[in-house]
Amino acid sequence: MTTGSLLDDLYREILLDHYRQPRNHNPLDAPTCSADGSNPLCGDQVRIEVSVAGDRIVGISFSGRGCSISQASTSMMTEYVKGRSAEDARKGIDAFQQMMVTAESPGIEGFDDIEALIGVAKFPARVKCASLGWKTLEQALAGEGGAVTTDERSVEHA
Amino acid sequence: MTLTAQNSGNSASNARLPYDINRIRRDFPILKRDIGGVPLVYLDNAATSQKPVQVIAELTRFYRDHNANVHRGVHTLSVEATELYEGARSKIAAFIGASDPHEIIFTRGTTESINLVAHSWGRKHLQAGDEVVVSEIEHHSNIVPWQMLRDERGIVLKYIPMLPDGTLDLQVARSLIGPKTKLLSITAMSNALGTIVPLQELIPLAKAQGALVLVDGAQSVPHMAVDVQALGIDFLAFSGHKMLGPTGIGVLWGRMPVLESMDPFMGGGDMILNVTMEQSTWADVPAKFEAGTPNIADAIGLGAAVDYLSALGMDEVRRHEIEITDYALRRLGDVPGVTIFGPMDAQQRGGVVSFELEGVHPHDVGQVLDTKGVAIRTGHHCAQPVMAALDVPATARASFYIYNTTAEVDALASALEAASAFFGVRA
């Protein structure tokens, strides 16, 4: 089948792989912090649980349902931050958000797979899907719990 | 000079041409567009319809030749603008079977029309404990204004529940509508599922209790003949942009004695009879509800849209939509992995098909379809209670109008097969 290069740009193989087989998808026994995120307009939902020991993220898991981009981006994020310091994780969050704006590689270590999401930057309607997991992790690490949304609009017209 | 719309639709009473879809499609310039090199297949008509050249030309003609404020001047242009604006009001009144054009109030759309009723009728006539009955399949615009009034005035809001097939539970409706019911505010057709609500069964239940009836016609007025007097209702709300007209213009029709019993919606120019520093008296209906300079050009554009639909004949419009919806239900039903929500009988639903594709989120479905030129809607369709009842976060929705063809339904079906294959759900 032909799907067009634009579509292949958005849905890179590594992204589809994470969507079909999400990593770190089993709940943690004793998370030290967690947060819920959602995009009500799209119906994207993620819940992120983190175990922090000292300054290190020793465990992370996510659950939820939503579009391939929100779920795959969250899956990739969990792989990236696992074993890193909370400070490195925050740098990764910033780098990801920067990447969604500039559509350029942030050139940081461990981002190779994640750079497959650069194509999302060309689809403004989908940036909020890709950002959901990262924003939710930010909230969890800030220890604020609560709920996150990357929807900028709060109403929808039909 | 005469100032009537210069299009064939003007001869609504003349003998009608046969339903010629190719001729209709030629009237819509946007249908010639391509999307990334493939032809546009526009299937998002429940969100907004496309506009024929007749409506676009009427807007241009007004701004080029007749633009002035209405109801204010003795100069020629103001007289012409007033004549065109009031002419549109008369056309719309005739289109929905209203006996008096003054019962037509121009608003920004269905949402504003319902809010006007909640504000001007609800606040005047409803007290704590009074009941407003809506349904579970309403658009948010027929839920939220009543929730706001409930929180302000202590009225009780009751919902006629949805059955699993997307129709309403009329059994429960019979017990919900009682002596405390003051208003039944109900959609004629669900925007999320296409369900056509059996108004002829519900309206007598409300009338038997002395309650008023508001019909949300946002999805019905564009797609089928609606006659407010035959229905025996008190309010009808609808939008221009879903029925070939411009955005930013809509209608509230109300029965004159009811409209006369209501207080103004907004205060300002055009809605007063007399203003002193101490107090003001109100103008007659409809001016009482049209404060400020109205949306003159778009009202006239809506008049042209009504001419166009009248020339086609609303029975023909409905017949075409039953045909294409029936085809779509069968065609999409054959696509592996597709689950269709709502009634499966095209006689019981408007030209709206809400569905999900197994293993592919609606957002991803919409994205893949866009690369095939197919424009559909994905999301909760401003009907989150419906999504909750179906236990889905969102659906994909294809919705049809006068210019859609069965070939376009085929394009949708093969694009869905491509989406399934792309996400590797099915080999």
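Residues numbered from 1 in each chain as written. Chains lettered and ligands numbered in written order. Predicted model: local features only at pLDDT ≥ 70, side-chain atom pairs only at ≥ 80, totals over all residues. Heavy atoms only, no water.

### Describing unusual backbone geometry
Worth spelling out the cut-off: Each helix is a run of H or I in the DSSP string that is no shorter than four residues. Each strand is a run of E no shorter than two, and both are numbered from the N terminus. The rule is simple: take the accessible area with a 1.4 Å probe, protein chains only, and divide by the maximum for that residue type; under 20% is buried, over 50% is exposed, in between is partly exposed.
Residue proline 286 of chain B is bonded to the preceding valine 285 of chain B through a cis peptide linkage, with omega at 5 degrees. Within the fold, proline 286 of chain B resides in the loop between strand S12 (280-282) and helix H10 (296-312). In this structure, asparagine 24 of chain A is a non-glycine residue whose phi angle is positive, near 50 degrees. Along the chain, asparagine 24 of chain A turns up in the loop between helix H2 (13-20) and strand S1 (33-39). Here histidine 381 of chain B, not a glycine, exhibits a phi torsion of approximately 55 degrees, which is positive. Residue placement: histidine 381 of chain B occurs in the loop between strand S16 (377-379) and helix H13 (384-390). The buried category is assigned to histidine 381 of chain B, whose relative accessible area is 0%.

### Comments concerning the nonpolar core
Heads up, the rule is: Residues belong to a common nonpolar core when they are buried Ala, Val, Leu, Ile, Met, Phe, Trp, Tyr or Cys residues joined through side-chain atoms within 4.5 Å. The split of the chain into domains comes from an automatic or database domain assignment.
Counting residues in hydrophobic clusters, the biggest one holds 79 residues, and the most contacted among them are Ile96, Leu236 and Ile402 of chain B. Composition of this core by domain shows at least three residues from each of domain 1 (21-45 + 314-422) and domain 2 (63-311) of chain B. If you look at the next biggest cluster of nonpolar residues, it comprises 70 residues, including Ile48 and Cys129 of chain A together with Val365 and Leu412 of chain B.

### Concerning the packing of H2 of chain A against helix H3 (residues 68-81) of chain A
Residues and elements named next belong to chain A. We apply this condition: Fitted lines through C-alpha atoms give the axes, limited to the stretch in contact for helices. The angle between two N-to-C directions lies from 0 to 180 degrees. Angles are sorted into four bins: roughly parallel if under 35 degrees, roughly antiparallel if over 145, roughly perpendicular if 65 to 115, and oblique for all others. Note on contacts: a residue pair is in contact if any heavy atoms of the two residues lie within 4.5 Å. When residue character is reported, Ala, Val, Leu, Ile, Met, Phe, Trp, Tyr, Cys and Pro are called nonpolar, Asp, Glu, Lys and Arg charged, and the others, Gly included, polar.
At a minimum axis distance of 8 Å, the contact between H2 and H3 shows a crossing angle of 90 degrees. Considering the angle they form, H2 stands roughly perpendicular to H3. On H3, the residues that touch Ile14, Leu15, His18 and Tyr19 of H2 are Ser68, Ile69, Gln71, Ala72, Ser75, Met76 and Glu79. Class assignment of the residues belonging to the contact of H2 with H3 gives a composition of six nonpolar, four polar and one charged.

### Overview of the sheet that holds strand S7 (residues 181-187) of chain B
Residues and elements named next belong to chain B. Cut-off, in case you're wondering: Pairing between two strands is assigned when DSSP locates at least 2 bridges connecting them.
Pairing is mixed in the open sheet, where seven strands are placed in the order S4-S10-S9-S8-S7-S5-S6. Only two strands of the sheet have a single neighbouring strand rather than two, namely strand S4 (104-107) and strand S6 (156-160). Pairwise comparison of adjacent strand axes, ignoring direction, gives a mean angle of 20 degrees for this sheet. Summarising the sheet, S7 and strand S8 (residues 212-216) pair through five bridges and their orientation is parallel. Paired with serine 185 across the two strands is leucine 214, which belongs to S8. Contacting strand S5 (131-135), S6, S7 and S8, helix H5 (residues 144-153) runs over the sheet at an angle of about 150 degrees to S6.

### A look at the confidence of the model for chain B
Operational definition: As a per-residue measure, pLDDT reflects the predictor's confidence and takes values from 0 up to 100.
Chain-level pLDDT for chain B is 94 on average; 95% of the residues reach the 70-or-more range. Residue range residues 4-14 of chain B is modelled with pLDDT below 50. Its contacts to residues more than four positions away, or to other chains, number 18 contacts.

### Here's the deal with helix H14 (residues 406-422) of chain B
All names here are of chain B. Our working definition: To estimate the expected span of a helix, subtract one from its residue number and multiply by 1.5 Å.
An ideal rise of 1.5 Å per residue puts 24 Å on 17 residues; H14 measures up with 24 Å between its terminal C-alpha atoms. Glu408, Val409, Leu412, Ala413, Ala415, Leu416, Ala418, Ala419, Ser420 and Phe422 are the residues of H14 that are buried. Looking at the residues trailing H14, positive phi occurs at glycine 424, about 70 degrees.

### Regarding the confidence of the model for chain A
Residue-level pLDDT values for chain A average 87, and 89% of them are 70 or greater. Taken element by element, chain A is modelled with least confidence in strand S4 (residues 147-148) of chain A, mean pLDDT 68, and with most confidence in H3 of chain A, mean pLDDT 96.

### Some words on the pattern of salt bridges
All names here are of chain B. For clarity, the threshold we go by: Basic side-chain nitrogens of Lys or Arg form a salt bridge, by our definition, when they fall within 4 Å of a carboxyl oxygen of Asp or Glu.
A complete count under the given rule lists 28 salt bridges over all chains for this structure. The salt bridge involving glutamate 408 is made with arginine 25; its shortest N-O contact spans 3.3 Å. Of this pair, glutamate 408 sits in helix H14 while arginine 25 sits in helix H1 (residues 21-26); the two residues are 383 residues apart in sequence, bridging distant segments of the chain. Each of the two residues, glutamate 408 as well as arginine 25, counts as buried. Where arginine 123 meets glutamate 152, a salt bridge forms, and the shortest distance between an N and an O atom there is 2.9 Å.

### Examining the interface of chain A and chain B
So the rule is basically this: Accessible area that two parts lose when put together, evaluated with a 1.4 Å probe and summed over both, is termed the buried area.
Across the boundary between the two partners, chain A contributes 27 residues, which contact 32 residues of chain B. Where chain A abuts chain B, roughly 2,100 Å² becomes buried across the two surfaces, and 54% of that area is made up of carbon and sulfur atoms. Aspartate 364 of chain B is the partner of arginine 126 of chain A in a salt bridge, and the nearest nitrogen-oxygen pair spans 2.9 Å. Only helix H1 (5-10), H2, H3 and helix H5 (124-141) of chain A provide two or more residues apiece to the side of chain A that touches chain B. The class makeup of the residues in the side of chain A that touches chain B is 15 nonpolar, six polar and six charged.

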